[in-house]
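# Topology and contacts: notes
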Amino acid sequence: MQELIHFTVQKIKELLEQFNEVQSLYLSKSFDFDTRFDGFLNEVLEYFRTKGNTSYESEVLKIMNMIATVKRGFNPIKMEKIVSGRRELLGGFSFNGMESIYDILMEIYTKENKKLDEAEELISGIIVSLYQNGILDDEKLKDMNSVPKIESFWNSLVVQNAAISAINKKLRLSIIPEDIFIILEKVFLKLI
């Protein structure tokens, strides 16, 4: 089942904000870093489990296991007991883990935002065309002040116009109808 892209973007943005807090703790060599980083990793892991994204879930688990291995006193790469420098080694693996998590979150954030930007571009073109053809004017636009009205308007366009129906089908390949309505609302607000 597809998820609301706007929700995904918002959740990833929240995770990135938490990530920045964790990075700040790492930079300041705070004693709270380990606990906060573990909590952050658990939250990211739970998010990917909930979404059913097993590949990203595996990546997070891999990071967590490497850090746990260092905490147990073993070097996860050499599989040798750590004789000295455990704290430094833990710091290095934590940094590596943070970099990997950042890459994952940014990959998702960029991909989902690209979908929204492409959809907004298509929808904006339709709205401009409707203005040019006199189907939409400022008065009708001001009346589009709720999602149910926007949904009704969009659905009537899809039924009446084959070109808009085709664009709607293209949009629905990457986003759900609720995303379309949110984008329409955003475009309408820009035009008012």
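Residues numbered from 1 in each chain as written. Predicted model: local features only at pLDDT ≥ 70, side-chain atom pairs only at ≥ 80, totals over all residues. Heavy atoms only, no water.

Turning to the overall build of the protein chain, a few remarks are in order. Of regular secondary structure, the protein chain possesses eight helices and two strands. Counting from the amino terminus, the protein chain carries its helices and strands in the arrangement α-α-α-β-β-α-α-α-α-α. Taken against the 2.2 N^0.38 rule, which gives 16 Å for 192 residues, the C-alpha radius of gyration of the protein chain at 23 Å runs more than 25% over that of a compact globule. Projected onto its principal axes, the C-alpha coordinates of the protein chain cover approximately 75 × 30 × 20 Å. Counting only residues that meet the buried cut, the protein chain has 37% of its 192 residues in that class. (Helix = DSSP H or I, 4+ residues; strand = E, 2+ residues; numbered from the N terminus. Rg over C-alpha atoms; globule rule 2.2 N^0.38 Å. Buried < 20%, exposed > 50% of the residue type's maximum accessible area, 1.4 Å probe, protein only.)

Pairing of side chains with opposite charge becomes possible as their charged atoms draw close. Taken as a whole, this structure holds eleven salt bridges when the rule is applied. Ionic pairing is found between Glu43 and Lys11, a salt bridge with its closest N-O pair at 3.3 Å. You can see Glu43 sitting in helix α2 (residues 33-51) and its partner Lys11 sitting in helix α1 (residues 5-27), a full 32 residues away along the chain. Note that Lys149 is salt-bridged to Asp143, the shortest N-O span being 3.5 Å. Overall, the relative accessible area of 35% leaves Lys149 in the partly exposed class. Each member of the salt-bridge network shares a partner with another, and the members are Lys111, Glu112 and Lys115. (Salt bridge = Lys/Arg side-chain N within 4 Å of Asp/Glu carboxyl O.)

Applying the stated criterion across every chain yields a total of eight aromatic pairs. Relative to Phe37, the ring of Phe33 lies with its centre 5.3 Å away and its plane at 15°, an arrangement referred to as stacked. Of this pair, Phe33 and Phe37 both sit in helix α2, four residues apart, which is roughly one turn of the helix. Look at Phe33 and you get buried, because its relative accessible area is 5%. Taking relative accessible area as the criterion, Phe37 reaches 1% and is therefore assigned buried. Between Phe48 and Tyr56, the aromatic rings sit 5.2 Å apart at their centres with planes inclined by 40°, giving tilted as the arrangement. Of the two residues examined, Phe48 and Tyr56, each falls in the buried class. (Phe/Tyr/Trp six-rings, centres within 6.5 Å; stacked < 30°, edge-to-face > 60°.)

On to the side chain of Asp34, then. Secondary-structure assignment places Asp34 in helix α2. For Asp34, a relative accessible area of 17% corresponds to the buried category. In contact with Asp34, not counting residues within four places along its chain, are Lys71, Arg87 and Leu90. (Contact = heavy atoms within 4.5 Å.)

What follows concerns helix α6 (residues 147-160). Since one α-helical turn is 3.6 residues long, residues separated by three or four positions face the same way. For α6, spanning 14 residues, the distance from its first C-alpha to its last is 20 Å, which sits close to the expected 20 Å at 1.5 Å a residue. On the buried face of α6, the contacting elements are α4 (86-132), α7 (162-172) and α8 (177-191). (Expected span 1.5 Å × (residues − 1).)

Packing of α6 against α8 leaves a shortest axis separation of 10 Å and a crossing angle of 100°. One element, α6, and the other, α8, form an angle in the roughly perpendicular class. Of the residues in α8, those in contact with Val147, Ile150, Glu151, Phe153, Trp154 and Asn155 of α6 are Ile180, Phe181, Leu184, Glu185 and Phe188. Its residues assigned to classes, the contact of α6 with α8 comprises eight nonpolar, one polar and two charged. (Axes fitted to C-alpha atoms, helices over the stretch in contact; angles between N-to-C directions. Parallel < 35°, antiparallel > 145°, perpendicular 65-115°, else oblique. Nonpolar A, V, L, I, M, F, W, Y, C, P; charged D, E, K, R; others polar.)

All we've got here are geometric facts, nothing functional implied.
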